[in-house]
Amino acid sequence: MKAVRLHGYHQAPVVEEVPEPKLGGPFDVVVRIGGAGVCRTDLHIMEGQWDAAMHPALPYTIGHENAGWVHEVGPAVTNVAVGDTVILHPTPTCGLCRACRAGQDMHCVDSSFPGLSHDGGMAEFLLTSARACVKLSPSTRPQDVAALADAGITAYHAVRKALPLLYPGTTCVVTGAGGLGHIGIQCLAALSATRIVVVDRNPDALKLAEQLGAAHTVVADGGHVQAVLDLTGGGADVVLDFVAEQGAEQDGFAMTRRAGSYFVIGYGGELRVPTLDIIGTERNIIGNIVGTYNDLAELMALAQAGKVTLHTKTYPLDAAPDAFADLDAGRVRGRAILVP
Ligand SMILES: [Zn+2]
Ligand SMILES: [Zn+2]
(Lines give C-alpha, C1' and ligand atoms only; values in the text may rest on other atoms or scores of the structure.)
(Ligands and ions follow the chains in the order given, each with its own letter.)
Protein backbone atom coordinates (compact mmCIF):
# COMPACT_ATOMS: atom_id res chain seq x y z
CA MET A 1 0.00 0.00 0.00
CA LYS A 2 0.96 3.66 -0.34
CA ALA A 3 2.01 5.57 2.78
CA VAL A 4 3.49 8.96 3.70
CA ARG A 5 6.76 8.13 5.48
CA LEU A 6 9.16 10.26 7.47
CA HIS A 7 12.77 9.17 6.92
CA GLY A 8 14.56 11.94 8.80
CA TYR A 9 14.00 15.25 10.59
CA HIS A 10 14.19 18.55 8.73
CA GLN A 11 13.21 16.83 5.50
CA ALA A 12 9.91 16.26 3.72
CA PRO A 13 8.17 12.88 4.12
CA VAL A 14 8.11 10.56 1.12
CA VAL A 15 5.11 8.79 -0.45
CA GLU A 16 6.20 5.17 -0.94
CA GLU A 17 5.02 1.53 -1.02
CA VAL A 18 5.00 -0.40 2.28
CA PRO A 19 3.39 -3.69 3.41
CA GLU A 20 -0.21 -3.49 4.73
CA PRO A 21 -0.54 -3.67 8.55
CA LYS A 22 -1.56 -7.06 10.01
CA LEU A 23 -3.69 -7.93 13.03
CA GLY A 24 -1.53 -8.78 16.05
CA GLY A 25 -3.54 -8.85 19.28
CA PRO A 26 -7.15 -10.04 19.78
CA PHE A 27 -8.51 -6.47 20.12
CA ASP A 28 -6.70 -5.14 17.04
CA VAL A 29 -8.64 -3.46 14.25
CA VAL A 30 -7.35 -2.63 10.76
CA VAL A 31 -9.09 0.37 9.24
CA ARG A 32 -9.19 1.30 5.55
CA ILE A 33 -8.48 5.02 5.68
CA GLY A 34 -11.05 7.32 4.10
CA GLY A 35 -9.46 10.54 5.27
CA ALA A 36 -6.35 11.61 7.21
CA GLY A 37 -6.10 15.15 8.54
CA VAL A 38 -2.95 17.20 7.94
CA CYS A 39 -2.01 18.93 11.17
CA ARG A 40 0.50 21.50 12.37
CA THR A 41 1.76 18.71 14.62
CA ASP A 42 2.94 16.94 11.45
CA LEU A 43 5.10 19.98 10.70
CA HIS A 44 6.36 19.93 14.30
CA ILE A 45 7.16 16.20 13.91
CA MET A 46 9.23 16.95 10.78
CA GLU A 47 11.07 19.66 12.72
CA GLY A 48 11.99 17.02 15.33
CA GLN A 49 9.97 18.63 18.15
CA TRP A 50 8.33 15.33 19.10
CA ASP A 51 11.44 13.15 18.85
CA ALA A 52 12.35 13.39 22.53
CA ALA A 53 8.78 12.72 23.74
CA MET A 54 7.90 9.90 21.32
CA HIS A 55 11.31 8.65 20.01
CA PRO A 56 9.74 6.85 17.04
CA ALA A 57 11.92 4.51 15.00
CA LEU A 58 12.46 6.04 11.55
CA PRO A 59 11.18 5.67 8.93
CA TYR A 60 7.52 5.58 9.89
CA THR A 61 4.12 6.63 8.54
CA ILE A 62 2.74 9.88 9.95
CA GLY A 63 -0.94 10.87 10.26
CA HIS A 64 -2.85 10.94 13.54
CA GLU A 65 -6.30 12.28 12.49
CA ASN A 66 -7.94 9.27 10.96
CA ALA A 67 -11.33 8.01 9.88
CA GLY A 68 -12.39 5.26 7.53
CA TRP A 69 -14.04 1.85 7.38
CA VAL A 70 -13.29 -1.25 9.44
CA HIS A 71 -11.37 -3.64 7.20
CA GLU A 72 -10.42 -6.47 9.55
CA VAL A 73 -10.99 -7.21 13.28
CA GLY A 74 -9.26 -9.40 15.86
CA PRO A 75 -11.16 -12.37 17.37
CA ALA A 76 -12.13 -10.49 20.61
CA VAL A 77 -13.53 -7.38 18.93
CA THR A 78 -17.30 -6.98 19.50
CA ASN A 79 -17.97 -3.23 19.27
CA VAL A 80 -17.32 -2.84 15.54
CA ALA A 81 -17.60 -5.11 12.51
CA VAL A 82 -16.06 -5.19 9.05
CA GLY A 83 -17.56 -2.41 6.92
CA ASP A 84 -18.49 -0.08 9.81
CA THR A 85 -17.68 3.60 9.35
CA VAL A 86 -15.43 4.75 12.19
CA ILE A 87 -13.45 7.69 13.47
CA LEU A 88 -10.46 6.82 15.62
CA HIS A 89 -9.53 8.21 19.00
CA PRO A 90 -5.91 9.23 18.42
CA THR A 91 -4.47 7.18 21.28
CA PRO A 92 -5.42 3.49 21.55
CA THR A 93 -5.43 2.91 25.32
CA CYS A 94 -5.08 -0.05 27.69
CA GLY A 95 -8.51 0.22 29.35
CA LEU A 96 -7.10 -1.11 32.62
CA CYS A 97 -5.12 1.69 34.28
CA ARG A 98 -6.56 4.24 36.69
CA ALA A 99 -6.70 7.00 34.03
CA CYS A 100 -8.55 4.73 31.59
CA ARG A 101 -11.02 3.70 34.30
CA ALA A 102 -11.63 7.40 35.03
CA GLY A 103 -12.25 8.02 31.32
CA GLN A 104 -9.08 10.12 31.01
CA ASP A 105 -7.81 8.37 27.89
CA MET A 106 -5.07 10.91 27.23
CA HIS A 107 -3.40 10.06 30.56
CA CYS A 108 -3.33 6.27 30.03
CA VAL A 109 -0.05 4.79 31.27
CA ASP A 110 0.05 2.23 28.44
CA SER A 111 -1.17 3.97 25.31
CA SER A 112 0.29 4.54 21.88
CA PHE A 113 -0.09 7.41 19.45
CA PRO A 114 -0.20 6.17 15.84
CA GLY A 115 1.33 8.82 13.63
CA LEU A 116 3.60 10.06 16.43
CA SER A 117 5.00 7.00 18.21
CA HIS A 118 4.68 4.54 15.30
CA ASP A 119 2.88 4.06 11.96
CA GLY A 120 -0.13 6.35 11.51
CA GLY A 121 -2.92 6.90 9.03
CA MET A 122 -1.52 8.76 6.03
CA ALA A 123 -1.76 5.46 4.22
CA GLU A 124 -4.34 3.15 2.72
CA PHE A 125 -4.65 1.11 5.95
CA LEU A 126 -4.00 1.70 9.66
CA LEU A 127 -3.68 -0.68 12.61
CA THR A 128 -5.57 0.48 15.73
CA SER A 129 -7.57 -1.08 18.58
CA ALA A 130 -11.24 -1.70 19.33
CA ARG A 131 -11.13 0.84 22.17
CA ALA A 132 -10.14 3.62 19.75
CA CYS A 133 -13.08 3.11 17.36
CA VAL A 134 -16.07 5.46 17.52
CA LYS A 135 -18.74 4.01 15.25
CA LEU A 136 -20.43 6.50 12.91
CA SER A 137 -23.56 6.57 10.80
CA PRO A 138 -22.86 4.75 7.50
CA SER A 139 -23.80 7.95 5.66
CA THR A 140 -20.82 9.80 7.15
CA ARG A 141 -17.95 10.41 4.73
CA PRO A 142 -14.69 9.79 6.61
CA GLN A 143 -12.92 12.61 4.75
CA ASP A 144 -15.48 15.09 6.13
CA VAL A 145 -14.80 14.22 9.77
CA ALA A 146 -11.23 12.84 9.91
CA ALA A 147 -9.71 15.99 11.38
CA LEU A 148 -12.17 15.85 14.27
CA ALA A 149 -10.09 12.88 15.50
CA ASP A 150 -7.36 15.19 16.78
CA ALA A 151 -7.91 18.84 15.87
CA GLY A 152 -11.59 18.50 16.71
CA ILE A 153 -11.30 16.46 19.89
CA THR A 154 -8.61 18.82 21.19
CA ALA A 155 -10.72 21.90 20.55
CA TYR A 156 -13.83 20.22 21.99
CA HIS A 157 -11.98 19.01 25.10
CA ALA A 158 -10.83 22.56 25.92
CA VAL A 159 -14.28 24.04 25.32
CA ARG A 160 -15.89 21.29 27.43
CA LYS A 161 -13.49 22.02 30.30
CA ALA A 162 -14.10 25.77 30.03
CA LEU A 163 -17.93 25.47 29.94
CA PRO A 164 -18.55 26.02 33.69
CA LEU A 165 -16.62 29.32 33.35
CA LEU A 166 -18.61 30.44 30.30
CA TYR A 167 -21.99 31.27 31.81
CA PRO A 168 -24.18 33.91 30.09
CA GLY A 169 -22.64 37.37 30.28
CA THR A 170 -19.05 36.15 29.92
CA THR A 171 -16.65 36.69 27.05
CA CYS A 172 -14.44 34.02 25.55
CA VAL A 173 -11.54 35.00 23.32
CA VAL A 174 -10.43 32.49 20.69
CA THR A 175 -6.90 33.11 19.44
CA GLY A 176 -6.32 31.52 16.03
CA ALA A 177 -9.25 30.64 13.76
CA GLY A 178 -7.39 27.96 11.78
CA GLY A 179 -7.79 24.19 11.84
CA LEU A 180 -8.50 23.85 15.58
CA GLY A 181 -9.85 27.32 16.22
CA HIS A 182 -12.64 27.14 13.65
CA ILE A 183 -13.88 23.95 15.33
CA GLY A 184 -13.56 25.51 18.79
CA ILE A 185 -15.71 28.47 17.74
CA GLN A 186 -18.48 26.12 16.56
CA CYS A 187 -18.31 24.09 19.79
CA LEU A 188 -18.56 27.30 21.84
CA ALA A 189 -21.53 28.47 19.78
CA ALA A 190 -23.26 25.08 20.11
CA LEU A 191 -22.68 24.58 23.86
CA SER A 192 -22.60 28.01 25.49
CA ALA A 193 -24.14 31.47 25.50
CA THR A 194 -20.79 33.20 25.98
CA ARG A 195 -19.85 36.14 23.74
CA ILE A 196 -17.19 34.89 21.32
CA VAL A 197 -14.35 37.19 20.27
CA VAL A 198 -11.89 35.82 17.69
CA VAL A 199 -8.34 37.07 17.13
CA ASP A 200 -6.33 36.07 14.04
CA ARG A 201 -3.73 37.63 11.75
CA ASN A 202 -5.65 36.59 8.66
CA PRO A 203 -8.75 38.61 7.63
CA ASP A 204 -10.13 35.62 5.67
CA ALA A 205 -9.98 33.43 8.78
CA LEU A 206 -11.86 36.16 10.66
CA LYS A 207 -14.53 36.25 7.95
CA LEU A 208 -15.05 32.51 8.42
CA ALA A 209 -15.11 33.01 12.22
CA GLU A 210 -17.98 35.48 11.88
CA GLN A 211 -20.00 32.96 9.88
CA LEU A 212 -19.36 30.34 12.57
CA GLY A 213 -20.56 32.38 15.54
CA ALA A 214 -18.00 35.06 16.46
CA ALA A 215 -19.68 38.19 17.84
CA HIS A 216 -16.53 40.27 17.28
CA THR A 217 -13.31 39.73 15.39
CA VAL A 218 -9.96 41.41 15.97
CA VAL A 219 -7.05 41.44 13.50
CA ALA A 220 -3.81 40.49 15.26
CA ASP A 221 -1.86 43.51 14.01
CA GLY A 222 -0.02 44.55 17.17
CA GLY A 223 -2.92 46.47 18.69
CA HIS A 224 -4.99 43.35 19.36
CA VAL A 225 -4.33 42.97 23.10
CA GLN A 226 -5.53 46.51 23.75
CA ALA A 227 -8.47 45.99 21.37
CA VAL A 228 -9.58 42.92 23.38
CA LEU A 229 -9.11 44.74 26.71
CA ASP A 230 -11.27 47.59 25.37
CA LEU A 231 -13.93 45.22 23.99
CA THR A 232 -14.15 43.32 27.27
CA GLY A 233 -13.75 46.12 29.79
CA GLY A 234 -10.48 44.77 31.16
CA GLY A 235 -10.07 41.27 29.79
CA ALA A 236 -11.82 38.06 28.85
CA ASP A 237 -13.15 35.50 31.32
CA VAL A 238 -11.56 32.77 29.22
CA VAL A 239 -8.94 32.83 26.48
CA LEU A 240 -8.64 29.71 24.35
CA ASP A 241 -5.21 30.00 22.72
CA PHE A 242 -5.04 27.80 19.63
CA VAL A 243 -1.72 29.36 18.59
CA ALA A 244 0.48 29.59 21.74
CA GLU A 245 3.68 30.31 19.82
CA GLN A 246 5.49 33.28 18.31
CA GLY A 247 4.31 35.61 21.08
CA ALA A 248 0.64 34.68 20.93
CA GLU A 249 1.10 32.97 24.32
CA GLN A 250 2.13 36.24 26.01
CA ASP A 251 -0.71 38.11 24.31
CA GLY A 252 -3.23 35.42 25.22
CA PHE A 253 -2.42 35.57 28.93
CA ALA A 254 -2.47 39.38 28.80
CA MET A 255 -6.03 39.27 27.43
CA THR A 256 -7.45 37.53 30.53
CA ARG A 257 -9.25 39.50 33.23
CA ARG A 258 -8.84 39.09 37.03
CA ALA A 259 -9.68 35.48 37.98
CA GLY A 260 -9.73 34.68 34.27
CA SER A 261 -8.44 31.51 32.70
CA TYR A 262 -5.90 31.07 29.92
CA PHE A 263 -6.23 27.73 28.13
CA VAL A 264 -3.11 26.61 26.25
CA ILE A 265 -4.12 24.47 23.27
CA GLY A 266 -1.61 25.36 20.54
CA TYR A 267 2.04 24.96 21.43
CA GLY A 268 5.60 25.76 20.47
CA GLY A 269 6.14 29.00 22.38
CA GLU A 270 7.16 29.74 25.95
CA LEU A 271 4.91 31.51 28.45
CA ARG A 272 6.72 33.83 30.88
CA VAL A 273 4.56 35.31 33.62
CA PRO A 274 5.70 36.82 36.93
CA THR A 275 4.29 34.66 39.72
CA LEU A 276 3.17 37.84 41.48
CA ASP A 277 0.80 38.50 38.55
CA ILE A 278 -0.67 35.02 38.92
CA ILE A 279 -1.38 35.27 42.63
CA GLY A 280 -2.28 38.98 42.58
CA THR A 281 -5.03 38.45 40.02
CA GLU A 282 -5.83 34.76 40.68
CA ARG A 283 -5.52 33.95 37.01
CA ASN A 284 -5.36 30.34 35.84
CA ILE A 285 -3.18 28.70 33.21
CA ILE A 286 -4.67 25.46 31.96
CA GLY A 287 -3.04 22.83 29.74
CA ASN A 288 -5.00 20.76 27.24
CA ILE A 289 -3.95 17.66 25.37
CA VAL A 290 -6.23 15.81 22.95
CA GLY A 291 -9.35 14.62 24.82
CA THR A 292 -11.27 11.65 26.12
CA TYR A 293 -13.04 8.97 24.12
CA ASN A 294 -16.34 10.47 25.25
CA ASP A 295 -15.22 13.92 24.09
CA LEU A 296 -14.80 12.46 20.60
CA ALA A 297 -18.14 10.62 20.77
CA GLU A 298 -19.91 13.85 21.90
CA LEU A 299 -18.22 15.85 19.17
CA MET A 300 -19.36 13.32 16.59
CA ALA A 301 -22.94 13.76 17.87
CA LEU A 302 -22.56 17.51 17.19
CA ALA A 303 -21.01 16.84 13.78
CA GLN A 304 -23.70 14.38 12.72
CA ALA A 305 -26.35 16.92 13.81
CA GLY A 306 -24.71 19.48 11.52
CA LYS A 307 -23.68 21.73 14.43
CA VAL A 308 -19.95 21.37 13.80
CA THR A 309 -18.80 21.41 10.19
CA LEU A 310 -15.21 21.04 9.08
CA HIS A 311 -14.04 23.31 6.33
CA THR A 312 -11.69 21.09 4.38
CA LYS A 313 -9.44 21.05 1.36
CA THR A 314 -8.75 17.52 0.11
CA TYR A 315 -5.57 16.22 -1.50
CA PRO A 316 -4.79 12.75 -2.88
CA LEU A 317 -2.20 10.82 -0.83
CA ASP A 318 0.42 11.44 -3.53
CA ALA A 319 0.00 15.19 -3.04
CA ALA A 320 0.91 15.04 0.67
CA PRO A 321 4.00 17.24 0.12
CA ASP A 322 1.75 19.95 -1.39
CA ALA A 323 -0.58 19.74 1.61
CA PHE A 324 2.33 20.21 4.05
CA ALA A 325 3.65 23.14 2.01
CA ASP A 326 0.21 24.77 1.87
CA LEU A 327 -0.29 24.37 5.63
CA ASP A 328 3.18 25.73 6.36
CA ALA A 329 2.57 28.75 4.12
CA GLY A 330 -0.86 29.49 5.65
CA ARG A 331 -2.68 28.67 2.41
CA VAL A 332 -5.22 26.25 3.98
CA ARG A 333 -8.54 27.66 5.25
CA GLY A 334 -9.90 25.15 7.73
CA ARG A 335 -8.23 21.78 7.39
CA ALA A 336 -6.24 19.88 4.75
CA ILE A 337 -7.30 16.23 4.36
CA LEU A 338 -5.45 13.44 2.54
CA VAL A 339 -7.76 11.00 0.79
CA PRO A 340 -6.08 7.72 -0.22
ZN1 LIG B 1 -3.36 16.84 14.82
ZN1 LIG C 1 -4.82 2.92 30.36
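What counts and how
- Residues numbered from 1 in each chain as written.
- Chains lettered and ligands numbered in written order.
- Predicted model: local features only at pLDDT ≥ 70, side-chain atom pairs only at ≥ 80, totals over all residues.
- Heavy atoms only, no water.
- Pairing = 2+ DSSP bridges.
- Helix = DSSP H or I, 4+ residues; strand = E, 2+ residues; numbered from the N terminus.
- Axes fitted to C-alpha atoms, helices over the stretch in contact; angles between N-to-C directions.
- Contact = heavy atoms within 4.5 Å.
- Donors = N, O, S within 2.8 Å, 3.2 Å for Na, K, Ca; no water.
- Tetrahedral: all angles 85-135°; square planar, octahedral: opposite > 155°, others 65-115°.
- Core = buried A, V, L, I, M, F, W, Y, C linked by side-chain atoms within 4.5 Å.
- Buried < 20%, exposed > 50% of the residue type's maximum accessible area, 1.4 Å probe, protein only.
- Salt bridge = Lys/Arg side-chain N within 4 Å of Asp/Glu carboxyl O.
- Phe/Tyr/Trp six-rings, centres within 6.5 Å; stacked < 30°, edge-to-face > 60°.
- Right-handed = clockwise from strand over helix to strand, strands pointing away.
- Patch = residues over 30% accessible without salt bridge, like charges linked within 9 Å, V, L, I, M, F, W, Y side chains within 5 Å.
- Areas by Shrake-Rupley, 256 points an atom, 1.4 Å probe, with all protein chains shown as cover.
- Lys, Arg positive; Asp, Glu negative; His and termini not counted.
- Charge placed at Lys NZ, Arg CZ, Asp CG, Glu CD.
- Arc of directions from axis to C-beta.
- Polar contact = N/O pair within 3.5 Å; in protein donor to acceptor, adjacent residues only side chain to side chain.

Attention now goes to the sheet that holds strand 12 (residues 236-241). Sheet architecture is open: six strands sit in the order 11-10-9-12-13-14, paired in parallel fashion. Taken across any chain shown, the strands that pair with only one partner, and hence form the sheet edges, are strand 11 (216-219) and strand 14 (284-287). Taking the axes of each pair of neighbouring strands and ignoring which way they run, one obtains an average angle of 20 degrees across the sheet. Relative to strand 10 (residues 195-200), strand 9 (residues 171-175) runs parallel, the two sharing five bridges. Its bridge partner lying in strand 10, Val173 is registered against Val197. Against the sheet, helix 8 (residues 224-232) makes contact with strand 9, strand 10, strand 11, strand 12 and strand 13 (256-264), and its axis sits at roughly 155 degrees relative to strand 11, the strand it touches most.

Now for the coordination of the zinc ion (ligand 1). Taken together, the protein donors to the zinc ion (ligand 1) comprise Cys39 (SG), His64 (NE2), Glu65 (OE) and Asp150 (OD), at separations of 1.9 to 2.3 Å. For the zinc ion (ligand 1), the four donor atoms are set out with angles of 96 to 134 degrees between them, so the coordination reads as tetrahedral. As a motif over one chain, the donors of the zinc ion (ligand 1) read C-x24-H-E-x84-D. Taken as a pair, Cys39 in the loop between strand 3 (28-38) and helix 1 (40-46) and His64 in the loop between strand 4 (60-61) and strand 5 (66-73) lie far apart in primary sequence, 25 residues in all.

Counting 82 residues, the largest nonpolar core has Ile87, Leu148 and Leu240 as its most contacted members. It is helix 5 (residues 151-162) that provides the largest number of residues to this core, a total of seven residues. Listed in part, the 13 residues of the second largest apolar core include Ala236, Ala244, Phe253 and Tyr262.

Either a parallel or an antiparallel arrangement is found when strands of a sheet pair, and the pairing is made through backbone hydrogen bonds. Read from one edge of the open sheet, three strands run 2-1-4, paired in antiparallel fashion. In this open sheet, the two strands that pair with only one neighbour each are strand 2 (14-17) and strand 4. As paired elements, strand 1 (residues 2-6) and strand 2 share four bridges and run antiparallel to each other. Considered in strand 2, the bridge of Arg5 is made with Val14.

Attention now goes to the pattern of salt bridges. The tally for this structure, following the rule as stated, stands at 12 salt bridges. The salt bridge involving Arg131 is made with Asp105; its shortest N-O contact spans 3.4 Å. Here Asp105 lies in the loop between helix 3 (98-101) and strand 7 (125-129) and Arg131 lies in the loop between strand 7 and strand 8 (133-135), a separation of 26 residues in the sequence. As a salt-bridge pair, Asp326 and Arg331 come within 2.9 Å of each other at their nearest N and O atoms. Overall, Asp326 belongs to the buried group, its relative accessible area being 12%. The structure contains a network of salt bridges with shared partners spanning Arg5, Glu16 and Asp119.

Here the focus is the packing of aromatic side chains. The final tally for this structure, using the stated rule, is two aromatic pairs. Their ring planes at 90 degrees and their centres at 5.8 Å tell us that Trp50 and Tyr267 sit as a pair that is edge-to-face. Taken together, the residues span a long stretch of sequence, with Trp50 in the loop between helix 1 and helix 2 (51-54) and Tyr267 in the loop between strand 13 and helix 10 (275-281) at a distance of 217 residues. In this structure Tyr267 comes out as partly exposed when scored by relative accessible area, which is 27%. Each ring, one from Phe253 and one from Tyr262, has its centre 6.2 Å from the other, and the planes form 90 degrees; the classification is edge-to-face. Per residue, the accessibility class of Phe253 equals that of Tyr262, and both read buried.

So, about the pairing of strand 9. Counting buried residues along strand 9, five of its five residues qualify, which places the element largely inside the surrounding structure. Burial of strand 9 is two-sided: the residues Thr171, Val173 and Thr175 facing one way and the residues Cys172 and Val174 facing the other way are all buried. Handedness of the β-α-β unit built from strand 9, helix 6 (residues 181-191) and strand 10 comes out right-handed. Direction of pairing for strand 9 relative to strand 12: parallel, over a ladder of four bridges. Bridging from a neighbouring strand, Val174 pairs with Leu240 of strand 12.

There is a patch of like negative charges on the surface, built from Glu17, Glu20, Glu72 and Glu124. Positionally, Glu124 belongs in the loop between helix 3 and strand 7.

Let us look at helix 7 (residues 203-212). Residues of helix 7 that are buried include every one of Ala205, Leu206, Leu208, Ala209 and Leu212, and no others. With its buried residues spanning 160 degrees around the axis, helix 7 presents them on a single face. Counted as exposed and oriented over 90 degrees from the buried face of helix 7: Lys207 and Gln211. On its buried face, helix 7 sits against helix 6, strand 10 and strand 11. Here helix 7 starts with a cap whose side-chain oxygen sits 2.7 Å from the backbone nitrogen of Asp204, and that cap is Asn202. Downstream of helix 7 by one or two residues, Gly213 has phi in the positive range, about 130 degrees.

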